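Chains, contacts and geometry: an overview
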Amino acid sequence: MTERWKHRAAGRPRTAHVVTASLLLALTVGGLFLARTVAAEEPPVLWPGLVLSVAACAVLLRRRSHPLLVLLVTTACIMTEGFLGYLLTPLLMGPMLVAQYTVSLRLERRTTWYSALAAAAGIALTGFLTTDSPHEWIIGLVNPAAWVLMAASFGSYVRVRREYAVARAEHAAQEREEEASRRVIRERMRIARELHDVVAHHLALANAQAGTAAHLAPTHPDQAIAMIEKLPEVTASALRELKATVGLLRQDTDSQELAPAPGLDQLPQLVAACASAGLDVSVTTEGRPRRLPPGLDLTAYRIVQEALTNITKHAATPSARVRLDYTRHYLTLTITNDAGSSPRTVPGSPGRGRGFGLLGMRERALSAGGTFHAGPRSGGGFEVACSLPLPSSEESTS
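Calculation rules
Residues numbered from 1 in each chain as written. Predicted model: local features only at pLDDT ≥ 70, side-chain atom pairs only at ≥ 80, totals over all residues. Heavy atoms only, no water. Helix = DSSP H or I, 4+ residues; strand = E, 2+ residues; numbered from the N terminus. Buried < 20%, exposed > 50% of the residue type's maximum accessible area, 1.4 Å probe, protein only. Contact = heavy atoms within 4.5 Å. Areas by Shrake-Rupley, 256 points an atom, 1.4 Å probe, with all protein chains shown as cover. Pairing = 2+ DSSP bridges. Axes fitted to C-alpha atoms, helices over the stretch in contact; angles between N-to-C directions. Parallel < 35°, antiparallel > 145°, perpendicular 65-115°, else oblique. Left-handed = near helix turned anticlockwise from the far one by under 90°. Nonpolar A, V, L, I, M, F, W, Y, C, P; charged D, E, K, R; others polar.

Moving on to the overall build of the protein. Regarding its fold elements, the protein presents 13 helices and 5 strands. Per-residue burial over the protein gives 37% buried out of 398 residues. Long-range contacts, defined here as pairs at least 24 residues apart, represent 70% of the contacts in the protein between residues at least 6 apart. As displayed, the protein offers around 23600 Å² of accessible surface, 60% of which is attributable to carbon and sulfur atoms.

Spelled out as structure tokens, the structure:
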């Protein structure tokens, strides 16, 4: 049956049932005439067979609501036709086979096979009582019973296939829901990481500037005033980045023009902002700098930014060194300061404190496929080092 006819049948179920029963009645009547033709002795009377066939096909209209009752009625009609002398061929048994198929399709497995065995036993008993010669038992007894069991087997097979298809659809829907949930969690973590990096960095710089200005105010008021005058620049920069990040959450589509994400090309501005907070940062580059993909460029920038933020908040000496080492396959970032606080005061250190600085840097590095290490240096101070894999020249140009 084509998809067009399937849709039509689904839209007019009663009409489809009537047409199916009418076609089956035509086949059953053909089976009656065939049985009369092959009868060895006097042909059986025609009109009782016609009445029984019409009754068996008519009750099929209720096979979906009362499958067991319909199977019982059709089996009784077929057995009666057998006792009247009709040869039980698959054409004559059509209504009973359809009823057995419906039972196997709609009811549970135990009921299916109990009903199939009962119907097959009834047909076999009819053949046993109406067949005179043992040589005809295979036609009058075994063959009809086998057709009943075949209809039950086919209905059970179709039911199992449908249940399997439903289970697969439910499993696929569950997997889609779980994947959507995982994507939401990953997106929340990404947004939280971005907000932490933006807010923590600028607030740390503003706090450092305010603290330094308060320290210099009694002895060097001019320097304190100059440092306070730079505070609006830091807060304005924080507001701009925070507005851009939060703005991503309010977008319904991706069609809007977005400001480019920060990258390593903005390191001079970052160094200048740290210098305004009293942190002296030196940047050295080794190897041949390469243009990085946007995601990797943002990861490298955020790691350097967060490392400098930690130094601003926790280091004892106001100096830091940033080294960018470009090789063929990796970009290695190393951020160090000469003398820092003890490991317990470093934010995000494993097992201590409540900060998320080192944790966020580690997640960024690992999500890019790189490695990450952070810890106290042997000669004093603190060091953050990570290696980020660089794409091949073909990937970077594509």
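Extensive coverage of strand E3 (residues 330-337) is indicated by the burial of 6 of its 8 residues. Across 6 bridges, strand E2 (residues 319-326) lies against E3 in antiparallel orientation. Among the inter-strand pairings, Tyr-326 is bridged to a residue of E3, identified as Leu-331. Following E2, the chain reverses through 3 residues before pairing antiparallel with E3.

Looking now at the sheet that holds strand E4 (residues 371-376). Within the open sheet, the 5 strands sit side by side as E1-E2-E3-E5-E4. Their pairing is mixed. Whereas interior strands pair on both sides, the edge strands pair on one side only; in this sheet they are strand E1 (280-286) and E4. Between one strand axis and the next, the sheet turns through 10° on average, direction left out of account. For E3 and strand E5 (residues 382-389), the ladder comprises 8 bridges, and the chain directions are antiparallel. Note on E5: the bridge partner recorded for Leu-331 is Leu-388. Docked against the sheet, helix H12 (residues 357-367) engages E4 and E5, running at close to 155° with respect to E4.

Now for the packing of helix H11 (residues 294-314) against H12. In the contact formed by H11 and H12, the axes pass within 10 Å of each other and the chain directions differ by 165°. If you check the angle between H11 and H12, you find them roughly antiparallel. Helix-helix and strand crossings are classified by hand; for H11 and H12 the assignment is left-handed. Facing Thr-299, Arg-302, Ile-303, Glu-306, Ala-307 and Asn-310 of H11, the residues of H12 in contact are Gly-357, Leu-358, Met-361, Arg-364 and Ala-365. Looking at side-chain class alone, the contact of H11 with H12 contains 5 nonpolar, 3 polar and 3 charged residues.

Function cannot be read off these values alone, since they describe shape.
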